[in-house]
Amino acid sequence: MNLRIGSRGSQLALWQANHIAALLRGHGHSVEIEIIKTTGDRLQEVTFAQVGSKGMFTKEIEDALAEGRVDLAVHSLKDLPTELPAPFALAATPPRVDPRDVLVSVKYHSLHALHHGAVVGTSSQRRRAQLLALRPDIQAVEFRGNVDTRLRTLAEGQVDAILLAAAGLDRLEKTEWVRERLEPRDFCPAAGQGSLGIETRKDDANIIAAIAFLDDPATRFAVTAERAALAALGGGCQVPIGIHCRLAPQDEAGEWQEIFAVVADPATGKAIRIHHESRRIDIGPIALGQLAAELLIEAGAAPLLEAAANPPSGASV
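What you see is a predicted model; the values in this text were computed from it and never measured. The residue count restarts for each chain, going from 1 along the sequence in the order it is written. Two thresholds apply to this predicted model, a pLDDT of at least 70 for residue-level local features and 80 or more for giving and counting side-chain atom pairs, whereas whole-chain, interface and lining totals are computed over all residues. To get the side-chain values, take all heavy atoms of the structure and skip hydrogens and water.

**Thoughts on the overall build of the chain**
For clarity, the threshold we go by: The numbering of helices and of strands both runs from the N terminus, where a helix is a DSSP run of H or I of at least 4 residues and a strand a run of E of at least 2. Throughout this description, buried means an accessible area under 20% of the type-specific maximum (1.4 Å probe, protein chains only), exposed means over 50%, and partly exposed covers the range between. In what follows, a contact means two residues having at least one pair of non-hydrogen atoms within 4.5 Å. The charge count includes Lys and Arg as positive and Asp and Glu as negative, but it does not include His or the ends of the chains. Where a charge lies is defined by one atom per residue type, namely NZ (Lys), CZ (Arg), CG (Asp) and CD (Glu).
What the chain contains, in helices and strands, is 11 helices and 13 strands. Each of the three principal axes of the chain carries a C-alpha extent, and together these read 55 × 50 × 40 Å. Every one of the 317 residues in the chain was classed for burial, and the buried ones make up 53%. Pairs at least 24 residues apart make up 68% of the contacts formed inside the chain by residues separated by at least 6 positions. Side chains of the chain give 33 positive and 40 negative charges; the mean places of these two sets differ by 3 Å.

**Looking at the environment of D137**
Mapped onto the elements of the fold, D137 is located in the loop between α5 (125-134) and β7 (139-141). Judged by its relative accessible area of 22%, D137 falls in the partly exposed class. Sequence separation of D137 and D170 is 33 residues, and the distance between their C-alpha atoms is 29 Å. Excluding residues within four positions of it along the chain, D137 makes contact with H115, H116 and G117.

**Concerning the pairing of strand β5 (residues 101-104)**
Selection criterion: In this analysis, strands are considered paired if DSSP registers two or more bridges between them.
Side chains of β5 alternate between two faces, with D101 and L103 and V102 and V104 buried alike. The sheet contact formed by β5 and strand β8 (residues 161-165) spans 4 bridges and is antiparallel. Counterpart to V102 in the pairing with β8 is L164. As defined by bridge partners, β5 adjoins strand β9 (residues 178-182) across 4 bridges and the pair is classed as antiparallel. Across the sheet, V104 pairs through a bridge with V178, a residue of β9.

**Topic: the packing of aromatic side chains**
Put simply, the rule reads: Any two rings among Phe, Tyr and Trp, with Trp reduced to its six-membered ring, count as a pair given centres within 6.5 Å; such a pair is stacked if its planes are under 30 degrees apart, edge-to-face if over 60, and tilted if neither. Here, a charge over a ring means that NZ of Lys or CZ of Arg falls within 6 Å of the ring centre while also lying within 35 degrees of the ring normal.
Summed over all chains, the structure comprises 0 aromatic pairs. One residue, R280, lies across the ring of F221, its end atom 4.3 Å from the ring centre.

**As for the sheet that holds strand β12 (residues 256-264)**
Which entries qualify depends on this criterion: As a rule, the C-alpha atoms of each element are fitted with a line to give its axis, helices using only the stretch in contact, and angles between N-to-C directions run from 0 to 180 degrees.
With respect to topology, 3 strands assemble into an open sheet ordered β11-β12-β13, the strand pairing being antiparallel. At either end of the open sheet lies a strand with only one pairing partner, and these are β11 (241-247) and β13 (271-279). Each adjacent strand pair in this sheet contributes to an overall mean axis angle of 10°, direction not counted. In terms of strand pairing, β11 meets β12 through 7 bridges, oriented antiparallel. Pairing of I243 across the sheet is with A261, part of β12. Docked against the sheet, helix α9 (residues 217-233) engages β11 and β12, running at close to 155° with respect to β11. Along the sheet, helix α10 (residues 285-298) makes contact with β11, β12 and β13, crossing β13 at roughly 145°.

**Digging into the pattern of salt bridges**
Quick reminder of the rule: Salt bridge, as applied in this entry: a Lys or Arg side-chain nitrogen positioned within 4 Å of an Asp or Glu carboxyl oxygen.
For the coordinates displayed, the defined rule picks out 20 salt bridges. The residue R181 makes a salt bridge to D98 at a minimum N-O spacing of 2.8 Å. Within this pair, whereas R181 is found in strand β9, its partner D98 is found in the loop between β4 (88-92) and β5, the two being separated by 83 residues in sequence. We classify R181 as partly exposed; its relative accessible area is 29%. In this structure D98 comes out as buried when scored by relative accessible area, which is 16%.

**Overview of the nonpolar core**
Formally: The term nonpolar core refers to a set of buried residues drawn from Ala, Val, Leu, Ile, Met, Phe, Trp, Tyr and Cys, joined through side-chain atoms within 4.5 Å.
Grouped together as the largest cluster of nonpolar side chains are 25 residues, with contacts concentrated most on I241, I243 and L296. Contributing elements (two or more residues each) for this core: α9, β11, β12, β13, α10 and α11 (302-309). With 6 residues, the single largest contributor to this core is α9. Other than its neighbours up to four places away in sequence, I243 contacts C188, P189, A190, A191, E226, A229, L230, L233, I259, F260 and A261. Formed by 16 residues, the second largest nonpolar core is a distinct cluster that contains I5, A21, L72 and V74.

**A few points about the sheet that holds strand β1 (residues 2-7)**
Taken together, the 5 strands give an open sheet; going across it, the order is β2-β1-β3-β10-β4, and neighbouring strands pair in mixed fashion. Two strands in the sheet have a free side with no partner beyond their single neighbour: β2 (30-35) and β4. Each neighbouring strand pair of the sheet contributes to a mean axis angle of 35°, computed without reference to strand direction. Summarising the sheet, β1 and β2 pair through 6 bridges and their orientation is parallel.

Right, dumping it as structure tokens:
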């Protein structure tokens, strides 16, 4: 079968598209990649808060999918809204790689080693909020651009450190300055972080069947729980919510799972965190995600979510 992949044109997006293309070719398919520029790509000098986050890295690719110009789209799953438009389906979630955030620095070996008043670059309100919760003395600054641009700015000494997703740096083999991989218990990743999402037209049974081998059940379970929690909380990729589901590390039999979640205020660093463990046979992924959302609300997260959804006039979300 001839398959056409729609992808953003960034270095990381093309790595991801080519990775999936290679797997598809290994199953006997011929594959082409079409580069599509999204709103998020065009507005590199504008903050996420100013442009809004919903679909900013996906809408134009979904337009091409709907028009039949491409057959599937390869996304960083954390960029995909929790509710896809009606014509589309999340057809495959390949095996997840390291979901953690990392501290990248030339001089400092850990987050706690940063000097008082250090400047840290991040474009994520979730990272900014958790950074402030752990180190209220640190100044977080807006930091956009592709991976190379951010690393160059770090090398020039404009910031003391940056926070990025481990997955992107690992995939691009740009880990020279990775100093610390931050554990979800202390610094919770975004829902779907480290995962790819393969989007297709919902009614295209042939395409869905052709790529079914890409779907990893363990990854599907975890990211379904994470996205269910995010949906229940009403959060998008720029609301300061972290959610991460995984098999409990101490459970060698793979019978127990745990989910971490946090809602934090990027203005004050106030954070509400939960951690829950359950047996995999006792609860499905959607119910687990909804339970995590309920636990956060019971713990007092509602005012933080309301503040994030309704920032003061002129404030940055």
